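In case you want the letters, here they are:
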Amino acid sequence: MTENELKKLVNEAVSLHRALTTYGERLKTLKGELVREAKRHKEDFIITDGGGSRWTASGTDGCIARVNFPAPALLSHIATEDETFDKVLALAGESLDDLFESRHYLKPTADFRDKAADALPRRTATQLIELCQVECSPRVSFETAETKSKER
C-alpha cells in the first residue's frame, strides 16, 4: 500500500467512524422518543412471558418498532455487606435455605419469585422479591420489511 493509499484509507475510516457516531446518536434519540411514546400507550401493552410488557408501532412501509419493558431482574447476588442483606434475612426467615444459595453472598434460587410466594405470607413475599430486584431499562428493536423488487 502506498503512502497515498494509506492516507485515503485513514481518511475513509475516520469519515465512516464520524458518520457512525452521528447515526448512533440519532438512533439513541429516536429510541428514546419511541420509549416515551410507548409510555403514552400503556393500554396497548402486551404482557410478555417473563412478566414484562411490549408495545409495537408500525412504519409506513411495513417495518415495525417494538419497545420492550422487561420485568425487574433479580439481583445476581446479595453480599453480606449490602445494606439489604439483613432485611432479606429477616424477611426470608426459615425459608432462607429454600430461597437462596448461600455462598459468601445470597443468590436467589431458580423460580425464586414463585417459591417466595408459596413459602411466605403475601406481604412478606412481595417485600422480599422487591428487595431482590433491580429495574431494567426498556429496549427497542426493529424489523425491516422486505422490499419487493420491481419487475421490468
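Conventions and cut-offs
- Residues numbered from 1 in each chain as written.
- Predicted model: local features only at pLDDT ≥ 70, side-chain atom pairs only at ≥ 80, totals over all residues.
- Heavy atoms only, no water.
- Buried < 20%, exposed > 50% of the residue type's maximum accessible area, 1.4 Å probe, protein only.
- Helix = DSSP H or I, 4+ residues; strand = E, 2+ residues; numbered from the N terminus.
- Pairing = 2+ DSSP bridges.
- Arc of directions from axis to C-beta.
- Contact = heavy atoms within 4.5 Å.

## A word on the pairing of strand β7 (residues 105-108)
As a general feature of sheets, a regular strand has side chains that alternate between the two faces.
Stage number 1. Because side chains alternate across β7, one face comprises the buried residues L106 and P108, and the other comprises Y105 and K107, none of which is buried.
Stage number 2. When strand β5 (residues 78-79) meets β7, the two strands line up antiparallel, connected through two bridges. Bridge pairing in β7 places A79 opposite Y105.
Stage number 3. Here strand β6 (residues 100-102) runs beside β7; their pairing, made up of three bridges, is antiparallel. Note on β7: the bridge partner recorded for F100 is P108.
Stage number 4. The turn linking β6 back onto β7 is made up of two residues.

## What about helix α2 (residues 85-92)?
Owing to its 3.6 residues per turn, the α-helix brings residues three or four apart onto one side.
Stage number 1. All buried positions along α2 are accounted for by F85, V88, L91 and A92. Down the axis, α2 shows its buried residues gathered within 130° of arc, on one side only. Facing away from the buried side of α2 by over 90 degrees, the exposed positions are D86 and A90.
Stage number 2. Elements in contact with the buried residues of α2: β5, α3 (96-99), β6, β7 and α5 (122-131).

Fair warning: the whole summary comes from geometry, so function is off the table for now.
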